[in-house]
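Below, each chain spelled out in residue letters.
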Amino acid sequence: MSVTASALADRIAVEAGALVRSTPHQMGSSQPEAARAQTERVLVGTGRNPNVGAVLLVALGTEAIDADDIADRIAGTGKPVETIAIRDAGGTEATIDEGTKIARSLVDSIEELERETADASELIVGVECGGSDATSGIAANPAVGNACDRLVEAGGTATFSETPEFIGAEHILADRCPDDETRKRLLERVDTREGMAQLMGVDLRLAQPSPGNKDGGLTTIEEKSLGAISKGGTTPVRGIVDYGEPLPAGGGLVLMDTPGYDVESVVGKVAGGAQVVVFTTGRGSTTGNPIAPVIKVTGNPKTWGRLSSNIDCNASTVISGESLEDVGQRLFEDVLDVASGRRTEAERRRLEEFAINEIQPAELVELRGESP
Amino acid sequence: MKGVVIDDKALLMAENDTVATALDDLEAGTELPVDTDARSDDSATGETGGASSRVVVLEEAIEFGHKIALADIEAGEKIYKYGEVIGVATADVPAGAWVHTHNCASTRGRVDREADDATALGAGGDPR
């Protein structure tokens, strides 16, 4: 629930056994309203994610966010939810002891749940890119896009995000919106994100593309964006939701309006209900997520050579001649296998990065439509 | 892979692109045979008779993933990849030159808000 409680949540997760994960973060203590609502939405969405069987909320007890309210909103799914507050439990040691007991009993309470077969149409798959280079837009992203097209064809939901990385390619996405309302909303979100950088006196070119992107051959945000959007495939853009907002099942391709930080962006989509994440990287990113398996894909043959132990799918074969359709089919099968329980390289290595996006003061001003 | 591979060395993503992407670490002097038909579609000369092709010679070494100018690009001209605008030239770029932050700049998200005046960045390109 807060930075104070996060350290104990980590300890409890370690003590309570192999099935327990913590989602430590820096938010929640005292944030302006819009920022607090976003933190709440992410905490609730993370708890409600279908990958989660039961939830223990760990609080200090003085947070602006009410643990009982979060618990109620998660319990609406029917899964068991408990809370513990450090101040009520009697301090650090007592909280770890008591929290560990509660977490173990929650694990026991869901142990008899049996795996059921589900159709691909019930899948919500988040796609992400991080550490992009020129191969991302040539190989890995279009291959993942092909897998997204297959998922949408099968009736599922694919989602990608990072609105700053639509800049320069938004006209292509806008053309794929089925109606004016979605198109207008999408273009407004891109304008807002482009304006935020300017509002903070930051020239977007300082941050985008990143120095690593530039080393990898990407010169401008337009070039990066044109490569980035190909990871969503070619189907109509059905909608755009807020950071961490619930994603519709059976929704086709839906965008999420998030900042361009990959860990926060993945967390937003998992809070939105994504059960599996497909993450492309040219330069070599190893990040995972505590709640959803992250399938790592690279289109860079050198990165595959160096980091294959951290990467699940080699899409650099696209450059040497394998068709995008074949790699897309392989990836779609990987998604189904991972949804069925196959562990990813990030899971094997317990790479479980978690961070909630904090709405910055200048962004709050922009959200309220005021001038600074 | 989308696009056309030029001699196993570079990738042209779309017909009207003015840059190609190096598919290997290419040395200065590397020759890329470029089919110019695509760019002369609207030519009124009505020349027929198939591929008119020319050779672009690399002015400098260009790393894997980086971009090569396929034609002379004047300062201020738009630069195309994926069939879309990726920025404008901030200096004259001869065919065969490396295209990157030193001679190509974004037109978006700029504090100066002057999308058409990329030269505001100066010849350095990268504002760091």
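Residues numbered from 1 in each chain as written. Chains lettered and ligands numbered in written order. Predicted model: local features only at pLDDT ≥ 70, side-chain atom pairs only at ≥ 80, totals over all residues. Heavy atoms only, no water.

Named according to an unreviewed UniProt entry, chain B is Altronate hydrolase originating from Salinadaptatus halalkaliphilus.

Here we take up the overall build of chain B. Of regular secondary structure, chain B possesses zero helices and ten strands. Listing every helix and strand of chain B by position from the N terminus yields β-β-β-β-β-β-β-β-β-β. In chain B, buried positions account for 41% of the 128 residues. Taking as baseline every contact in chain B between residues at least 6 positions apart, the subset at least 24 positions apart corresponds to 50%. Total accessible area computed for chain B in this model is approximately 6,400 Å², and 46% of it derives from carbon and sulfur atoms. (Helix = DSSP H or I, 4+ residues; strand = E, 2+ residues; numbered from the N terminus. Buried < 20%, exposed > 50% of the residue type's maximum accessible area, 1.4 Å probe, protein only. Contact = heavy atoms within 4.5 Å. Areas by Shrake-Rupley, 256 points an atom, 1.4 Å probe, with all protein chains shown as cover.)

Attention shifts here to the overall build of chain A. The number of helices and strands found in chain A is 16 helices and nine strands. Approximately 14,700 Å² of chain A is accessible, and the part contributed by carbon and sulfur atoms is 47%.

Residue and element names in this part refer to chain A. Contact geometry for helix H6 (residues 134–153) and helix H14 (residues 324–339): axes closest at 8 Å, N-to-C directions at 60°. Considering the relative orientation of H6 and H14, their crossing is right-handed. Mapping the contact onto sequence places Ala139, Pro142, Ala143, Val144, Asn146, Ala147, Arg150 and Leu151 in H6 and Leu324, Glu325, Val327, Gly328, Gln329, Leu331 and Phe332 in H14. Classifying every residue of the contact of H6 with H14 by side-chain character gives ten nonpolar, three polar and two charged. (Axes fitted to C-alpha atoms, helices over the stretch in contact; angles between N-to-C directions. Left-handed = near helix turned anticlockwise from the far one by under 90°. Nonpolar A, V, L, I, M, F, W, Y, C, P; charged D, E, K, R; others polar.)

At the junction of the two partners, chain A supplies 38 residues and chain B supplies 34 residues. The interface formed by chain A and chain B includes five salt bridges. Between chain A and chain B we count 15 residue pairs in polar contact (both at pLDDT 80 or more) in total. Those elements giving two or more residues to the side of chain A that touches chain B turn out to be H6, helix H7 (170–175), helix H8 (180–199), helix H9 (204–207), helix H10 (211–215), helix H11 (221–228) and helix H13 (301–307) of chain A. (Salt bridge = Lys/Arg side-chain N within 4 Å of Asp/Glu carboxyl O. Polar contact = N/O pair within 3.5 Å; in protein donor to acceptor, adjacent residues only side chain to side chain.)

What follows covers unusual backbone geometry. Residues and elements named next belong to chain B. A positive phi is found at aspartate 7, a non-glycine position, where the angle reads about 55°. As for its placement among the helices and strands, aspartate 7 is situated in the loop between strand E1 (4–6) and strand E2 (10–12). The phi dihedral of tyrosine 82 is positive, around 60°, even though this residue is not glycine. By the element assignment, tyrosine 82 lies in the loop between strand E7 (78–81) and strand E8 (84–89).

Turning our eyes to something else, we now look at the sheet that holds E7 of chain B. In space, the three strands of this open sheet follow the order E7-E8-E10 (chain B), with antiparallel pairing throughout. Either end of the sheet is taken by a strand with one partner, and the two such strands are E7 and strand E10 (104–105) of chain B. Relative to E8 of chain B, E7 of chain B runs antiparallel, the two being bridged by four bridges. Bridge pairing in E8 of chain B places tyrosine 80 of chain B opposite valine 85 of chain B. Docked against the sheet, H11 of chain A engages E7 and E8 of chain B, running at close to 165° with respect to E8 of chain B. (Pairing = 2+ DSSP bridges.)

With that settled, consider the packing of aromatic side chains. All names here are of chain A. Applying the stated criterion across every chain, the model contains one aromatic pair over all chains. Summarising the aromatic geometry, the rings of phenylalanine 160 and phenylalanine 166 are spaced 5.6 Å apart at their centres and angled 75° between planes, so their arrangement reads as edge-to-face. With relative accessibility at 0%, the residue phenylalanine 160 sits in the buried group. What makes phenylalanine 166 buried here is its relative accessible area of 0%. (Phe/Tyr/Trp six-rings, centres within 6.5 Å; stacked < 30°, edge-to-face > 60°.)

The next thing to look at is helix H3 (residues 67–75) of chain A. All names here are of chain A. Of the positions making up H3, those classed as buried are Ala67, Ile70, Ala71 and Ile74. Here the buried residues of H3 occupy an arc of 100° about the axis, which is enough to place them on one side. On its buried face, H3 sits against helix H2 (33–48), strand E1 (55–59) and strand E2 (81–85). (Arc of directions from axis to C-beta.)

Further remarks concern the nonpolar core. Residues and elements named next belong to chain A. Counting residues in each nonpolar core, the largest one holds 59 residues, and the members touching the most others are Phe166, Leu186, Val278, Val297 and Leu331. If one sorts the elements of this core by residue count, H6 sits on top with eight residues. Beyond its immediate chain neighbours, meaning those up to four positions away, valine 278 contacts Val125, Gly126, Val127, Glu128, Val144, Ile295, Val297, Leu331 and Val335. Counting residues in each nonpolar core, the second largest holds 27 residues, with Ile70, Val277, Val294 and Phe354 among its members. (Core = buried A, V, L, I, M, F, W, Y, C linked by side-chain atoms within 4.5 Å.)

It is worth spelling out H11 of chain A at this point. The element H11 of chain A is extensively covered by neighbouring structure, given that eight of its eight residues are classed as buried. Within H11 of chain A, burial applies to Ile221, Glu222, Glu223, Lys224, Ser225, Leu226, Gly227 and Ala228 of chain A.

Moving on: a negative patch on the surface. A surface patch of negative charge is lined by Glu59, Asp72, Glu74, Glu77 and Asp92 of chain B. With respect to the helices and strands, aspartate 92 of chain B occurs in the loop between E8 and strand E9 (98–99). (Patch = residues over 30% accessible without salt bridge, like charges linked within 9 Å, V, L, I, M, F, W, Y side chains within 5 Å. Lys, Arg positive; Asp, Glu negative; His and termini not counted. Charge placed at Lys NZ, Arg CZ, Asp CG, Glu CD.)

Moving on, we come to the sheet that holds strand E5 (residues 237–242) of chain A. Residue and element names in this part refer to chain A. Read from one edge of the open sheet, seven strands run E5-E6-E4-E3-E7-E8-E9, paired in parallel fashion. Edge positions in the open sheet fall to E5 and strand E9 (313–314), since each of these has one partner strand only. With four bridges connecting them, strand E7 (residues 276–280) and strand E8 (residues 294–298) associate as parallel partners. Bridge assignment links valine 277 to a residue of E8, and that residue is valine 294.

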